[in-house]
Amino acid sequence: MEEPPVKCLILGDGEYLGKIEAEIKEKIGAGANVFRSEPFFIEVVPEGLDKAAAIAELIKKTDIKREDTIAFGDGFNDVSMVDYAGIGVAMSNGCDKIKEVADRIAPDNNSDGVAAVINDIFPEAR
């Protein structure tokens, strides 16, 4: 069975990719999501295929409300998820774009940032 491609990954110098990202989005148009997952990666995936869509699908299948979700991220590919979640958390060592959409900034990944935020939100879980 032949399946369509699920992802195109473009690798290159981060500064250069930053300059051409908008042009790639414009040329590809509707039907695909174009985003930076790392400074040196541009990913092209079918429209609606991102981490926010994954949370939305989980919400549909559970009794969890969107406002009761928490998402943690540090990279460009986490921006939609952190923006969509009820509480969006960016890691302090994350990219600037994710920090712009986050509700909170956690300590970095090497400093147990996820645990620090969970302990802050749910002190009874300690």
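See above for the structure.
Residues numbered from 1 in each chain as written. Predicted model: local features only at pLDDT ≥ 70, side-chain atom pairs only at ≥ 80, totals over all residues. Heavy atoms only, no water.

*Asks:* Requested: an account of helix α2 (residues 51-61), with residues and values cited.
*Replies:* Residues of α2 that are buried: A52, I55 and I59. Each buried residue of α2 sits inside an arc of 60° when the element is viewed along its axis, so together they form one side. Opposite its buried face, α2 presents the exposed residues L58, K60 and K61, each directed more than 90 degrees away. Looking at the buried side of α2, the elements it contacts are β4 (70-73) and α3 (79-84). Capping the start of α2 is the job of one residue whose side-chain oxygen sits 3.2 Å from the backbone nitrogen of A52: D50. (Buried < 20%, exposed > 50% of the residue type's maximum accessible area, 1.4 Å probe, protein only. Helix = DSSP H or I, 4+ residues; strand = E, 2+ residues; numbered from the N terminus. Arc of directions from axis to C-beta. Contact = heavy atoms within 4.5 Å. Polar contact = N/O pair within 3.5 Å; in protein donor to acceptor, adjacent residues only side chain to side chain.)

*Asks:* Give me a nonpolar patch on the surface: which residues, what numbers.
*Replies:* On the surface, a cluster of nonpolar side chains totalling about 210 Å² of accessible area is made up of V114, I118 and F122. As for its placement among the helices and strands, V114 is situated in helix α5 (residues 113-121). By relative accessible area, which is 35% here, V114 ends up partly exposed. (Patch = residues over 30% accessible without salt bridge, like charges linked within 9 Å, V, L, I, M, F, W, Y side chains within 5 Å. Areas by Shrake-Rupley, 256 points an atom, 1.4 Å probe, with all protein chains shown as cover. Salt bridge = Lys/Arg side-chain N within 4 Å of Asp/Glu carboxyl O.)

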